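Architecture and fold: a report
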Amino acid sequence: MAEPIEWLEDGTPYSPRYGDRYRSELGGLAQSREVFLHGCGLPAAWADRPQWRILETGFGLGLNFLVTWQAWKADLQRPRLLHFVSTEAHPASAADVLRAAAAHPELMPLAEQLAAQLWGLLPGFHRLVFEEGRVLLTLCIGDTKAVLREQVFEADSVYLDGFSPSKNPDMWDLHTLKAVARCCRRGTRVTSWTVARSVLDGLTHCGFSVTKTAGLPPKRDNLHGEFNPRWAPRKAERPAAVTPTTCIVIGGGLAGAAVAASLARRGWQVEVLDSNEAPAGGASGLPAGLLVPHVSPDDSLLSRLSRCGVRATLQQAQTLLQEWSDWQASGVLELRLDNSRGLPSDWSEAGSDWSSLATRAQIGSATSTSASACWHRKAGWIKPARLVEVLLSQPGIQWRGNADVSQLQRDATTGLWHAQDANGGSLAKADLVVLAAGYASKLLVDGGLPLQAIRGQVSWGWRDGEDTAFPAFPVNGNGSFIPDVPTHEGRMWLCGASFERDQNNTELRPDNQQENLSRLQSLLPAVASQLANEFQKGTALAWAGVRCASPDRLPLVGAVDGDLLPGLWTSTAMGSRGLTFAVLCAELLAAQLHGEPLPVESRMARALWAGRFRIRGPGY
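By convention here, each chain's residues receive numbers from 1 onward along its written sequence. Only residues with pLDDT of 70 or above have their local features reported here, since the model is predicted, and side-chain atom pairs are shown and tallied only from 80 upward, although totals for entire chains, interfaces and linings are computed over all residues. With hydrogens and water stripped out, all remaining heavy atoms of the structure feed into the side-chain values.

1. Some words on unusual backbone geometry
Following L42, the chain continues into P43 via a peptide bond in cis, with omega recorded as 10°. The secondary structure listing takes helices from DSSP runs of H or I that are at least 4 residues long and strands from runs of E that are at least 2 residues long, numbered from the N terminus. Mapped onto the fold, P43 is located in the loop between α1 (28–37) and β4 (51–57). Between G496 and the following residue, A497, the backbone shows a cis peptide bond with an omega angle of 0°. In this structure, A497 sits in the loop between β28 (491–496) and β29 (500–501). Unusually for a residue other than glycine, R553 sits at a positive phi of about 65°. Mapping R553 onto the fold places it in the loop between β30 (541–549) and β31 (556–559). Positioned with a positive phi, A573 is a non-glycine residue whose angle comes to about 65°. Among the structural elements, A573 can be located in the loop between β32 (568–572) and α15 (578–594).

2. With respect to the environment of V527
Mapped onto the fold, V527 is located in helix α14 (residues 525–537). For the pair formed by V527 and T359, sequence separation is 168 residues and the distance between their alpha carbons is 20 Å. Only heavy atoms enter the contact rule, under which two residues are in contact if any of them lie within 4.5 Å. When neighbours within four sequence positions are excluded, V527 is seen to be in contact with A469, F470, P471, F481 and L520.

3. Topic: the nonpolar core
Among the buried residues, those of types Ala, Val, Leu, Ile, Met, Phe, Trp, Tyr and Cys that are joined through side-chain atoms within 4.5 Å form a nonpolar core. Accessibility here uses a 1.4 Å probe with only protein chains present; expressed as a share of the type maximum, an area under 20% marks a residue as buried, one over 50% as exposed, and anything in between as partly exposed. Core analysis: the largest hydrophobic core is formed by 73 residues, its most contacted members being L55, F65, L66, L114, L137 and F208. Examining the composition of this core, we find that seven residues originate from one element, helix α2 (residues 63–74), more than from any other. Setting aside anything within four residues of it in sequence, one finds L137 in contact with F59, F65, F84, L114, H126, R127, L128 and F130. Membership of the second largest hydrophobic core comes to 64 residues, among which are A257, A264, L432 and V583.

4. Notes on the sheet that holds strand β22 (residues 417–420)
Across the sheet, three strands lie side by side as β21-β22-β23; this open sheet has antiparallel pairing. Two strands close off the open sheet at either side, each with one partner strand: β21 (407–410) and β23 (426–430). On average, each strand axis in the sheet is tilted by 20° relative to the strand beside it, whichever way the strands run. Where β22 lies against β23, four bridges are found, and the strand directions are antiparallel. Within β23, the residue paired with H418 across the bridge is K429. Pairing between strands requires that DSSP locate at least two bridges from one strand to the other. Between N-to-C directions, angles cover 0 to 180 degrees, with each direction set by a line fitted to C-alpha atoms, over the stretch in contact for helices.

5. Observations regarding the side chain of R307
Locating R307 in the fold gives a position in helix α9 (residues 301–320). By relative accessible area, R307 is classed as buried at 8%. With residues up to four places along the chain from it excluded, the contact list for R307 reads L122, P293, D299, W347 and W354.

6. Description of empty space enclosed by the protein
In this analysis the probe radius is 1.4 Å and the grid spacing 1 Å, with only protein atoms considered; a cavity is a set of points the probe fits into but cannot get out of, a pocket is an open set with protein on both sides within 12 Å along at least five of seven lines, and lining residues have an atom within 4 Å of a point. Grid points are joined across faces, edges and corners, and a volume is the space filled by probe spheres set on the points. Counted according to the given criterion, the structure contains four cavities of 30 Å³ or more. The volume enclosed by the largest cavity comes to roughly 280 Å³. Lining the largest cavity are 25 residues, with F125, R127, C308, R311 and P599 positioned closest to its centre. Elements with a minimum of two residues in the lining of the largest cavity: β6 (124–130), α9 and α15. Of all the elements, α9 adds the most residues to the lining of the largest cavity, at seven residues. Polar here means any residue other than Ala, Val, Leu, Ile, Met, Phe, Trp, Tyr, Cys and Pro, which are nonpolar, and Asp, Glu, Lys and Arg, which are charged; Gly is therefore polar. Taken together, the residues of the lining of the largest cavity break down into 12 nonpolar, six polar and seven charged.

7. What about the pattern of salt bridges?
A pair is scored as a salt bridge if a Lys or Arg side-chain nitrogen falls within 4 Å of a carboxyl oxygen belonging to Asp or Glu. Taken as a whole and assessed by the stated rule, the structure comprises 25 salt bridges. The salt bridge partner of R455 is E500, with a shortest N-O separation of 2.5 Å. On the criterion of sequence distance, the pair formed by R455 in strand β25 (residues 452–462) and E500 in strand β29 is long-range, its members being 45 residues apart. As far as the burial class goes, R455 and E500 line up, both buried. Through salt bridges with shared partners, one network takes in R127, R265, R266, E587 and E596.

8. Structural notes on the packing of aromatic side chains
To pair, rings of Phe, Tyr and Trp, with the six-membered ring standing in for Trp, must have centres within 6.5 Å; the planes then decide the type, stacked if under 30 degrees apart, edge-to-face if over 60, and tilted in the middle. One pass over the structure, following the stated rule, counts 17 aromatic pairs. Aromatic side chains F65 and F130 sit 5.7 Å apart centroid to centroid with 45° between the ring planes, which places their arrangement in the tilted category. Taken together, the residues F65 in helix α2 and F130 in strand β6 connect sequence positions 65 residues apart. For the pair F65 and F130, one class covers both residues: buried. Centroid distance W460 to W462: 5.2 Å. Interplanar angle 90°. Geometry classified as edge-to-face. The exposure class assigned to W460 is buried, which follows from its relative accessible area of 15%. A connected cluster of aromatic rings, assembled from ring pairs, spans F36, F59, F65, W69, F84, F130 and Y159. Any Lys NZ or Arg CZ that is within 6 Å of a ring centre and within 35 degrees of that ring's normal is treated as a charge sitting over the ring. When the ring centre of W119 is taken as reference, the NZ or CZ atom of R311 above it lies at 4.1 Å. Note that K378 overlies the ring of W119, its terminal NZ or CZ placed 4.4 Å from the centroid.

Any functional reading would require information that these geometric values do not contain.
Below you can see the structure in the form of structure tokens.
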């Protein structure tokens, strides 16, 4: 459940858990502006910077974030990107965030945008996106010490906030302050409303130079400081952030379009090369696909990654696409044909924001089978090609079709990468290359990438007035069924897909049609019975594409080999979850490239590291 909050007679929010107010007696707005924003020298300190990274301990009701976001919007010299990373052990509800902001009408438009994304806050990282991707809030849900061990970035400013040290001492202990110091660079400014002796001494011990400054009445003093240790800090080894210049992205499907958009937002000039004439000419040309989180009783790595990916793609869909035409947040029913529960038994209310056990009514409206089922609230269908098209239309991106890259050569003198055709002719050159061409990426790296081709064929047709057995929402389990996708030609249904390893062609196969019908008979018998005649007569239509996967079925993201192949990166191996992973992997790649806060925990990022198989030698 969301953190319970009481409201005092004067309208001040109060925490029964800690026995303390969320803000000062004079109101939180003045405290946020004077103590935190201005205490860190903002907005002047971030003027004309490419990005600015703020770390906050204790998100609370989000007021510091809203005030900082407001200042960023109003500043003509604002940085291109504002990163705001905040820890929170007990997140408040969206309703309480709105109620707290209501006292400050100038903040309400921002607070409403924030509240709309405050759902499903399970332990872990949640990347919330505003201002077309230029204001990025990373909510790290959990104990501050623990979650900061999972972040890899250097903050430019630190807001030390939270309930009083006397009420919540763990928030201010030496171990927490050490975790904060690990996220600082020399010169990082820190500010807080508390001047408790234990906090002053702890910060000094961790390498901060701290002073007391005039406080906001009725408080006498505030705390200002700067990270400037007398010793050379031992830091986790981090690659130097690069300056945006020129980039070639090879592959114009979902993975490539997402990378191009993420880099263009950060100032790169991106040229996208693809062997097809038009974007989404490969597996991303699927007429429509499901966006649905993976679930497992132990909430596995794949399950947690999939939620991060679904959130990232939903944000892009809501911002860039037309609902009901390009996508629909319909919810998805997952039939558990093995009658397993699927969901973690200890999920809180935040978990049910994502998925829950389906009701009898939901199951009964789709099928007469007695299988158990999950209902995925944050799920639906999307037309991948439309998402690709809109991502590639962002400023700073140039599309080049009919550009078949056969080899890559790096000029040792200039450091530029040259993309060449089969005859050795130059197609493009740039400082950075990102491989996002699916299975074809394998051929462009010496020694190859550990990619397996996976062919998939989907069956589809047009709806008519007799499709009374169709459910009102997509259903998946053994295969999937999407009942209603609008197109210019009419309303479409889709089912499938086949899953054929080591198959690298897109010829349509009649036997795959029968396989898809067989899956549909297992999944939705009444629907299969209604459509059987179309399959038997051969009038059911088909589409096929080739996906690719890694040996562990997780994407490959990041530098291919930073020592031997500097400037060669990849985002590929999405398997059958391209809609889930493409946008998230693009943001992870961009974060690693620029030394930004990670959108996922570092252990999850390591699980996707592009070089994890190459270091194992021949045969992987």
